[in-house]
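Structural overview
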2 protein chains.
Amino acid sequence: MMNKFMKIYEDISNQIQEGSLAAGSLLPSENDLADTFQTSRETIRKALKILSEDGYIHKVQGKGSIVLDVKKFAFPISGLVSFKELSKKMGHRAKTHVEMLQEIFPDEGLKEHLKLSRDDTAWEIHRVREIDKERVIFDKDFIVKKMVPGLNKAICQNSIYEYVEEELGLTISFAKKEITVETPTEEDRSYLDLEGFHNIVVVKNFVYLDDTSLFQYTESRHRPDKFRFVDFARRK
Amino acid sequence: MMNKFMKIYEDISNQIQEGSLAAGSLLPSENDLADTFQTSRETIRKALKILSEDGYIHKVQGKGSIVLDVKKFAFPISGLVSFKELSKKMGHRAKTHVEMLQEIFPDEGLKEHLKLSRDDTAWEIHRVREIDKERVIFDKDFIVKKMVPGLNKAICQNSIYEYVEEELGLTISFAKKEITVETPTEEDRSYLDLEGFHNIVVVKNFVYLDDTSLFQYTESRHRPDKFRFVDFARRK
DNA sequence: AAGTGGTCTAGACCACGCA
DNA sequence: GCGTGGTCTAGACCACTTG
């Protein structure tokens, strides 16, 4: 069963996506909504808060909640989305190749990143993402081994996130992400179709579990022409 | 006067930044905080919500709120931050040159972007940002003229945002941002120190006012080595 | 079982936009 | 002045973690 405010959120966001709530128009007032959904105003406000954060509406004091235009969709690297969720949307145009899966003794830099203690080992995973028959993304993952001892190729082929959350019962909760542009390494050139490209977009990801321990460090290396990042930002 | 929950937010975030609330430790419970701040629990929860969104804490049901490590700071292109706010942090290492300010009759593409009606004109502004004596960012702005009739070079030199909000009383409320990597144009090469660079990072920005009208379209074109984008993402 | 955060309520008052 | 959203309250019950 879903929360009440989540159901209200789903209901309204669906209406906006269908167009039965037109962009530019005003939502019913919070008091009206509280009546029609048979709930209190604070619960309505919780739903509207999320709608606003997700770019569905914009609230103006004294006026009301304006429905925004949500036609534009995009490559949603924003938030925490795994490649598997992404490739679902792309249908059969996307493929994953697991090129490497090995246990390593991490060097100092990586120990620093993963906050490893002496003797801890890590998994190093190389995966290449193919879109429309072109190898355009190279994902390089480092995971603390003791947290995921039973990792294997089939899991990497599918979704590490899924395995960790559903099989191991760990909760991935937040991540710090950093986007930079770098010069391709020999490794990049060997894995990707980089023909004439002189740069590569690097998305570094620090993934944390619910107990705030660092779980994974990932570099997702994208061919620049296939990279796109979209964000919705609010003032203050 | 500030809101109660904002004061609580400030108070706690300051304590975290100072280190008097250590990373890894637990915050007092919401009931305790409600007592010490002489307020209701919901108000405390509002403050904690923002602390969590801003990456200061992480909440776990049944356990408490864990203080996160916030030492790592970064080039905050995330959110809506103007170059002026940014350059404050950089001290005298940053400079702005206004290279162009003219009224134009927009072509079809731009009319589309700015949703201009027939006969509307726009401002086209070119600004080059210099950091440590190197010209590394080229900002190309298009603004609906009728919204900002009195624009001049001094304003562009300072901060267009500031002028629009403080002098004109308009409220900039949200933006859609898109990051891609492109091949430099002749224009880019003439404005920036691009020596051997083959790519340029383009941040396209659609800035909206409080009444949801599109106010400005901006392309911020960065030399790839000087570009960095940092984000804090939460699952779901 | 006790304590934590998560949800929900019904009501109050305030700040703002608009006619 | 009325209706809007913004803040705040005091209390209730639920879901979860930990001893």
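Residues numbered from 1 in each chain as written. Chains lettered and ligands numbered in written order. Predicted model: local features only at pLDDT ≥ 70, side-chain atom pairs only at ≥ 80, totals over all residues. Heavy atoms only, no water.

So, on to the pairing of strand 8 (residues 214-222) of chain A. Residues and elements named next belong to chain A. Most of strand 8 is tucked away: nine of the nine residues are buried. Here strand 5 (residues 134-144) pairs with strand 8 via seven bridges, running antiparallel. Residue pairing across strands places Phe142 opposite Tyr217, the latter belonging to strand 8. Relative to strand 8, strand 7 (residues 200-209) is paired through eight bridges, and the arrangement is antiparallel. Bridged to Val201 within strand 8 is His222. Between strand 7 and the antiparallel strand that follows it, strand 8, lie four residues; Thr212 among them carries a positive phi value of about 70 degrees. (Buried < 20%, exposed > 50% of the residue type's maximum accessible area, 1.4 Å probe, protein only. Helix = DSSP H or I, 4+ residues; strand = E, 2+ residues; numbered from the N terminus. Pairing = 2+ DSSP bridges.)

The phi torsion of most residues other than glycine is negative, and most of the peptide bonds are trans. Residues other than glycine seldom take positive phi values, yet Lys133(A) does so here, at roughly 70 degrees. Positionally, Lys133(A) belongs in the loop between strand 4 (122-131) and strand 5. Unlike most non-glycine residues, Asp132(B) shows phi in positive territory, near 55 degrees. Tracing the backbone through its elements, the reader meets Asp132(B) in the loop between strand 4 (122-131) and strand 5 (134-144).

So, about the interface of chain B and chain A. Tallying the contact residues gives 40 residues for chain B and 41 residues for chain A. Of the roughly 3,900 Å² buried where chain B meets chain A, counting both sides, 52% is carbon and sulfur surface. The salt bridge involving Lys49(B) is made with Glu53(A); its shortest N-O contact spans 3.8 Å. Summed over the shared surface of chain B and chain A, the number is six residue pairs in polar contact (both at pLDDT 80 or more). Residue assignment for the side of chain B that touches chain A shows that the elements contributing at least two residues are helix 3 (41-53), strand 1 (57-60), helix 7 (160-167), strand 6 (172-182) and strand 9 (229-234) of chain B. When residues of the side of chain B that touches chain A are assigned to their parent elements, the largest contribution, 10 residues, is made by strand 6 of chain B. Residue composition of the side of chain B that touches chain A, grouped by class: 17 nonpolar, seven polar and 16 charged. (Contact = heavy atoms within 4.5 Å. Buried area = accessible area lost by both parts, 1.4 Å probe. Salt bridge = Lys/Arg side-chain N within 4 Å of Asp/Glu carboxyl O. Polar contact = N/O pair within 3.5 Å; in protein donor to acceptor, adjacent residues only side chain to side chain. Nonpolar A, V, L, I, M, F, W, Y, C, P; charged D, E, K, R; others polar.)

As a matter of local geometry, DNA strand C sits amid 25 residues, with Lys4(A), Thr39(A), Arg41(B), Glu42(B) and Arg45(B) nearest to it. Backbone sugar and phosphate groups make up 66% of those atoms of DNA strand C lying within 4 Å of the protein. Lys59(B) places a polar side-chain atom, nitrogen or oxygen, 3.1 Å from a phosphate oxygen of DNA strand C. Every element with two or more residues in the surface near DNA strand C is listed here: helix 1 (4-18) and helix 3 (41-53) of chain A together with helix 3, strand 1 and strand 2 (64-67) of chain B. Broken down by element, the residue count for the surface near DNA strand C peaks at four residues, all from helix 3 of chain A. Split by residue class, the surface near DNA strand C holds three nonpolar, 11 polar and 11 charged. (Near = heavy atom within 4 Å.)

Assigned domains within chain A: domain 1 (4-67) and domain 2 (83-226). Using C-alpha coordinates to define each centre, domain 1 of chain A is positioned 37 Å away from domain 2 of chain A. (Domains from an automatic or database assignment.)

Looking now at the packing of aromatic side chains. All names here are of chain A. Applying the stated criterion across every chain yields a total of 11 aromatic pairs over all chains. Consider the rings of Phe174 and Tyr208, whose centres lie 5.0 Å apart with planes at 10 degrees: the pair is stacked. Residue Phe174 is located in strand 6 (residues 172-182), and its partner Tyr208 is located in strand 7; the two are separated by 34 residues in the primary sequence. A single burial state applies to Phe174 and to Tyr208, both of which are buried. (Phe/Tyr/Trp six-rings, centres within 6.5 Å; stacked < 30°, edge-to-face > 60°.)

When chain B is fitted to chain A, the best match, at an RMSD of 0.1 Å, comes from turning it 180 degrees and sliding it 0.0 Å along the axis. These values place the two chain copies in the arrangement generated by a two-fold rotation axis. Mapped onto chain A, 100% of the interface residues of chain B are again interface residues, and the two copies thus contact each other with one and the same surface. (Least-squares fit on C-alpha atoms with pLDDT ≥ 70 in both.)

Residues and elements named next belong to chain B. Where helix 1 (residues 4-18) contacts helix 3, the axes come no closer than 8 Å and their chain directions differ by 50 degrees. One finds that helix 1 runs oblique with respect to helix 3. Our pair here, helix 1 against helix 3, has a crossing hand that is right-handed. For the pair formed by helix 1 and helix 3, the contact residues are Lys4, Phe5, Met6, Ile8, Tyr9, Ile12 and Ser13 on the first element and Thr43, Ile44, Lys46, Ala47, Leu48, Ile50 and Leu51 on the second. (Axes fitted to C-alpha atoms, helices over the stretch in contact; angles between N-to-C directions. Parallel < 35°, antiparallel > 145°, perpendicular 65-115°, else oblique. Left-handed = near helix turned anticlockwise from the far one by under 90°.)

Close contacts around DNA strand D come from 24 residues, with Arg41(A), Glu42(A), Arg45(A), Lys4(B) and Thr39(B) the closest. Taking all atoms of DNA strand D within 4 Å of the protein, the share assigned to sugar and phosphate is 67%. Within the side chain of Arg41(A), an N or O atom sits 2.6 Å from a base nitrogen of DNA strand D. Take Lys59(A): an N or O atom from its side chain is 3.1 Å from a phosphate oxygen of DNA strand D. When residues of the surface near DNA strand D are traced back to their parent elements, those giving at least two are helix 3, strand 1 (57-60) and strand 2 (64-67) of chain A together with helix 1 and helix 3 of chain B. Per-element accounting of the surface near DNA strand D gives the leading share, four residues, to helix 3 of chain B. Taken together, the residues of the surface near DNA strand D sort by class into two nonpolar, 11 polar and 11 charged.

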